[in-house]
Amino acid sequence: GAVVSQHPSWVICKSGTSVKIECRSLDFQATTMFWYRQFPKQSLMLMATSNEGSKATYEQGVEKDKFLINHASLTLSTLTVTSAHPEDSSFYICSARDGGHYGYTFGSGTRLTVV
Amino acid sequence: TQLLEQSPQFLSIQEGENLTVYCNSSSVFSSLQWYRQEPGEGPVLLVTVVTGGEVKKLKRLTFQFGDARKDSSLHITAAQPGDTGLYLCAGFLHGSGNTGKLIFGQGTTLQVKP
């Protein structure tokens, strides 16, 4: 089945530094990937849609300069949290659609802790 | 406003009990998916329903899509501690072509006590 690999699975960084999270589709090509943020025991909140070869589309209220998205190839999208602050601490999840079925395959998530 | 209203949001039951989780909307969906998520992991797809009135079974889990494709339910029979997790319904709005944004419900945190 379709596999989406997300790395790292957890990261701790200091305030003011930047963190890059990678999302790879391992056995299929994904022209579109999605980035979500999730708080404990809550649902997923879509942050942005990552489009291969073009600019990402951000949801209302998401700062594009803070959450930089790059989708340079058909199998890789990256999310960079710039100048991270403790309030950016969260669980970040990516997903991609395998053209073979109606659902989306999700990565295993990245737990970001900013200290 | 929440496009997909999922209820209940929290459920704690004893092993062996039955339960039903609901997802309701005033909008029509071309398909609805149910996911299960464990702490520290991404959601895992359980089932996709596409046709109005469709019923799908996955062992002790029964999924139903409303006739008008505006609602769905997940019923678990004889719940077990291994069923504990966050259950999410999500769907594509009619007309989005199954390639657009997934709309998520609020999620249901299920705890099954031994």
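The coordinates are above.
These numbers come from a predicted model, not from an experiment.

*Asks:* Talk me through the overall build of chain A; I want residue IDs and the actual numbers.
*Replies:* A count of helices and strands for chain A gives 0 helices and 11 strands. Listed N to C, the secondary structure of chain A is β-β-β-β-β-β-β-β-β-β-β in terms of helices and strands. Since a compact globule built from 115 residues should have a radius of gyration of about 13 Å, the 13 Å found for chain A is in line with a globular shape. C-alpha extents for chain A along the principal axes are approximately 40 × 30 × 25 Å. Taken across its 115 residues, chain A has 50% of its residues classed as buried.

*Asks:* Just give me the short version of the interface of chain A and chain B, but keep the residues and values in it.
*Replies:* One widely used convention gives an interface's size as the accessible area the parts lose upon coming together. On the chain B side, the residues contacting the 20 residues of chain A number 25 residues. Inspection of the chain A/chain B interface yields 1 salt bridge. Remark: the boundary between chain A and chain B carries 6 residue pairs in polar contact (both at pLDDT 80 or more). Broken down by secondary-structure element, the contributors of at least two residues to the side of chain A that touches chain B are β4 (32-38), β5 (44-51) and β9 (90-96) of chain A. Per-class residue counts for the side of chain A that touches chain B are 9 nonpolar, 8 polar and 3 charged.

*Asks:* Summarise the pattern of salt bridges; cite the residues concerned and give the values.
*Replies:* Residue and element names in this part refer to chain B. Summed over the entire model, instances satisfying the criterion amount to 6 salt bridges over all chains. Note that Lys56 and Glu54 form a salt bridge whose closest N and O atoms lie 3.7 Å from each other. Taking relative accessible area as the criterion, Lys56 reaches 32% and is therefore assigned partly exposed. Taking the relative accessible area as the measure of exposure, Glu54 reaches 18% and is therefore buried.

*Asks:* Provide a residue-level description of unusual backbone geometry, including the pertinent values.
*Replies:* Excluding glycine, residues mostly have negative phi values, and the peptide bonds linking residues are mostly trans. Look at the link from His7 of chain A to Pro8 of chain A: it is a cis peptide, with omega at 0°. Structurally, Pro8 of chain A is set in the loop between β1 (4-7) and β2 (10-13). Of the consecutive residues Ser7 of chain B and Pro8 of chain B, the connecting peptide bond is found in the cis state with omega at -10°. Locating Pro8 of chain B in the fold gives a position in the loop between β1 (5-7) and β2 (10-14). A positive phi angle is found at Lys59 of chain B, which is not glycine, with a value near 55°.

*Asks:* Could you give me a rundown of the sheet that holds strand β6 (residues 55-58) of chain B, with the residues and numbers involved?
*Replies:* All names here are of chain B. If you walk across this open sheet you meet the 5 strands as β1-β3-β8-β7-β6, and the pairing is antiparallel. In this open sheet, the two edge strands, each paired with only one partner strand, are β1 and β6. On average, adjacent strands in this sheet sit at an angle of 15° to one another, irrespective of strand direction. Sheet topology note: the β6/strand β7 (residues 61-65) ladder contains 4 bridges and is antiparallel. Looking at the pairing, Val55 lines up with Gln64 of β7.

Definitions and cut-offs
Residues numbered from 1 in each chain as written. Chains lettered and ligands numbered in written order. Predicted model: local features only at pLDDT ≥ 70, side-chain atom pairs only at ≥ 80, totals over all residues. Heavy atoms only, no water. Helix = DSSP H or I, 4+ residues; strand = E, 2+ residues; numbered from the N terminus. Rg over C-alpha atoms; globule rule 2.2 N^0.38 Å. Buried < 20%, exposed > 50% of the residue type's maximum accessible area, 1.4 Å probe, protein only. Contact = heavy atoms within 4.5 Å. Salt bridge = Lys/Arg side-chain N within 4 Å of Asp/Glu carboxyl O. Polar contact = N/O pair within 3.5 Å; in protein donor to acceptor, adjacent residues only side chain to side chain. Nonpolar A, V, L, I, M, F, W, Y, C, P; charged D, E, K, R; others polar. Pairing = 2+ DSSP bridges. Axes fitted to C-alpha atoms, helices over the stretch in contact; angles between N-to-C directions.

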